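Architecture at a glance
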Amino acid sequence: MQFIETRGNDGKKPSSVSFSDAILSPSASFGGLYVPQALPNLDKTFLEGHLSSHYKILALDFLQAFDIDIEEEILKEALSRYDSFDDPSNPVPLSQIEDDCFVSELYHGPTRAFKDMALQPFGYILSKLAQNRAENYLIMAATSGDTGPATLETFKNQKGVKVACLYPDGGTSDVQKLQMVTEDASNLKVIGVKGNFDDTQHSLKDLLASEDFKSELKDRGIKLSAANSVNFGRIIFQIIYHIHSYLELVRKEQITMGEKIYLVVPSGNFGNALGAYYAKKAGLPIEKILIASNINNILTDWIRTGTYDLNSRKLILTESPAMDILKSSNIERIMCDKFGAKRTKELMDLLEKEGKFQLTQNELASLREDFDASFSDDVECDKVMGKYAKSGYIMDPHTATCMRAYETLREQPLKTIIYSTAEWTKFSPAVSKALGQEVREDIEALKWVSQHANVKVPAMIDGLFAKPVIHTVVVEKEFIKGEMLNFL
Ligand SMILES: *Cc1c(COP(=O)(O)O)cnc(C)c1O
């Protein structure tokens, strides 16, 4: 399988690349992204053939149907990372919360957010590729919370890859910060930046664009890659759990094979939703993908009106910070698939130059064949968390944004899967507030919710508060480069 570019080819880069090239150097011509030339076929034979398959077998067969240039042994080893999840026999369990509504829990991995689903196997593969090519890679990440811990966790002690992770000092939860600053491995560097997430992300962009930083890297023989969802190496693993979740519903005899369902996806950079779209396109019986947002509801506008307008908006901080995003990177992969590379470049150029674009009526109609969207503010999410806690189900604020979409967007009485993207333990102050008690500090909020709602705090979260802090560096923006060079 070859990969092509969302904004067309500039004549300098190759016009198509292999999977391994696409994940080692994920930036394509004109600032575009790589997309697969075709998708495997998820027909009835494939689905029925995997009704009783373990997650890892389903994943392996899917990856092989994708025909990517990674050896079977490496794929198997990468997928064995799921053995460290809570239940190795099923890394993604499904819980029922309404007669026709099920929660697919994507957070049972080491950092308690759905980022582990893709980053765990992806990290192994990237490191293996680097070793096989005798190359050294630097992964730089700016994080507001979940990507940082999951990226550090997957690459720790992996050869051929170093990770530098920047976080806004004071801009993450205590748990998220501890997950980063207590990671102890010589190939990892964590730097706190004085400023907010935007400042942190800008510093990273400036550094990546700086010619002398690039030449310093070159002198040291280090190449740059990326671990955010611009990297297709993450997206490919985010198709698999949608197939698995569908099969779970069949196994639980909630649907018969072939019956259509709705998926509700809490979205930010649209990687999770893109995985659902590819699964639908490949043949998984999905009626529609319903996109849930918080008050930063630019995706709701895009899907309901065809307008994507950054100018009329300012980022608002919410209780679901992983979705506090205005520039959603993966929508261009959807647009490329539907409208072609030429039109995608046109639209993305408009977004960069004028801060907005508008789809035509036909384009919007095509988008709405697969998607619908809605959003919830924090007050509404708190109500949802409170309501389900009463019936014994504790969910995090990101997951809570899904319920409005479930309640209002379905046009047919079909079974619905909502995705839970984080464990409540990552956002315990918001959860405790929703359950009736405002507790500021994570360590106290974890205790309160755990006692009040009779739920367990897993050892990897509980243990964080006693772990030694390894990374103490917090700097002003202008000192990041020096810190980086020291580390390298
Ligand atoms: C990253 C993240 C999301 C958003 O996922 P995208 O693939 O970027 O749309 C939602 N919830 C949580 C908890 C996350 O960590």
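This text gives an overview of the structure that appears in the document. (Residues numbered from 1 in each chain as written. Predicted model: local features only at pLDDT ≥ 70, side-chain atom pairs only at ≥ 80, totals over all residues. Heavy atoms only, no water.)

1. Thoughts on the site of the ligand
For clarity, the threshold we go by: Here, proximity means that at least one heavy atom of the residue falls within 4 Å of the molecule or strand. In protein, a polar contact means a hydrogen-donor-capable atom and an acceptor-capable atom, both N or O and within 3.5 Å, with residues adjacent in sequence counting only if both atoms are side-chain atoms; elsewhere, any N or O pair within 3.5 Å suffices. Each residue gets one label: Ala, Val, Leu, Ile, Met, Phe, Trp, Tyr, Cys and Pro are nonpolar, Asp, Glu, Lys and Arg are charged, and the others, such as Gly, are polar.
The full set close to the ligand counts 15 residues, and K115, D146, G268, N269 and T421 are the nearest of them. A distance of 2.6 Å separates an oxygen atom of the ligand from a polar side-chain atom of K115. For the ligand, an oxygen atom lies 2.8 Å from a polar atom in the backbone of N269. In terms of residue class, the shell around the ligand is made up of six nonpolar, seven polar and two charged.

2. A few points about the sheet that holds strand 14 (residues 416–420)
As a general point, the strands of a sheet are linked pairwise by backbone hydrogen bonds and lie either parallel or antiparallel. The condition is simple: Here the rule is simple: two strands pair whenever DSSP picks up at least two bridges between them. Secondary structure follows DSSP: runs of H or I at least 4 residues long count as helices, runs of E at least 2 residues long count as strands, and numbering of each begins at the N terminus. Between the N-to-C directions of two axes lies an angle of 0 to 180 degrees, each axis being a line fitted to C-alpha atoms and, for a helix, fitted only over the stretch in contact. Two residues qualify as a contact provided that any one of their heavy atoms is within 4.5 Å of a heavy atom in the partner residue.
The strand order 3-4-14-9-10-13 describes an open sheet built from six strands, whose pairing is mixed. Two strands close off the open sheet at either side, each with one partner strand: strand 3 (94–98) and strand 13 (371–375). Taken pair by pair, the neighbouring strands of this sheet meet at an average axis angle of 25°, ignoring direction. Helix 11 (residues 237–251) contacts strand 3, strand 4 (101–105), strand 9 (261–266) and strand 14 of the sheet and is inclined by roughly 130° relative to strand 14. In this fold helix 13 (residues 298–305) packs onto strand 10 (286–293) and strand 13, with an angle of close to 140° to the strand it touches most, strand 13.

3. So, the sheet that holds strand 6 (residues 161–168)
If you trace the five strands from one edge of the open sheet to the other, you get 8-5-6-7-15, paired in parallel fashion. Each of the sheet's edge strands pairs with one partner strand only, and the pair in question is strand 8 (222–225) and strand 15 (474–475). Of the pairings in the sheet, the one linking strand 5 (residues 136–142) to strand 8 comprises four bridges and is parallel in character. Counted as the bridge partner of I139 is S225 from strand 8. Lying over the sheet, helix 23 (residues 480–487) contacts strand 5, strand 6, strand 7 (188–193) and strand 15, oriented at roughly 170° with respect to strand 7.

4. As for the pattern of salt bridges
Which entries qualify depends on this criterion: Salt bridge, as used here, is a side-chain nitrogen of Lys or Arg placed within 4 Å of a carboxyl oxygen of Asp or Glu. Summary of the burial criterion: residues with accessible area below 20% of their type's maximum are buried, those above 50% are exposed, and those between are partly exposed, where the area comes from a 1.4 Å probe applied to protein chains only.
The final tally for this structure, using the stated rule, is 31 salt bridges. The salt bridge partner of R410 is D100, with a shortest N-O separation of 3.1 Å. Taken together, the residues span a long stretch of sequence, with R410 in the loop between helix 19 (402–408) and strand 14 and D100 in the loop between strand 3 and strand 4 at a distance of 310 residues. Overall, R410 belongs to the partly exposed group, its relative accessible area being 24%.

5. Observations concerning the packing of aromatic side chains
Note the cut-off: Aromatic pairs are defined between Phe, Tyr and Trp rings, using the six-membered ring for Trp, whenever the two ring centres lie within 6.5 Å; interplanar angles under 30 degrees are classed as stacked, those over 60 as edge-to-face, and all others as tilted.
For the structure on display, the rule yields 15 aromatic pairs. Ring geometry for F122 against F155: centres 6.4 Å apart, planes inclined by 80°, an arrangement best described as edge-to-face. With F122 in helix 5 (residues 115–132) and F155 in helix 6 (residues 147–155), the pair connects residues that are 33 residues apart, well separated along the chain. Each member of the pair F122 and F155 is classed as buried.

6. Describing the environment of S391
You can see S391 is positioned in the loop between helix 17 (378–390) and helix 18 (397–400). Note: C-alpha distance between S391 and D83 (308 residues apart in sequence) is 31 Å.

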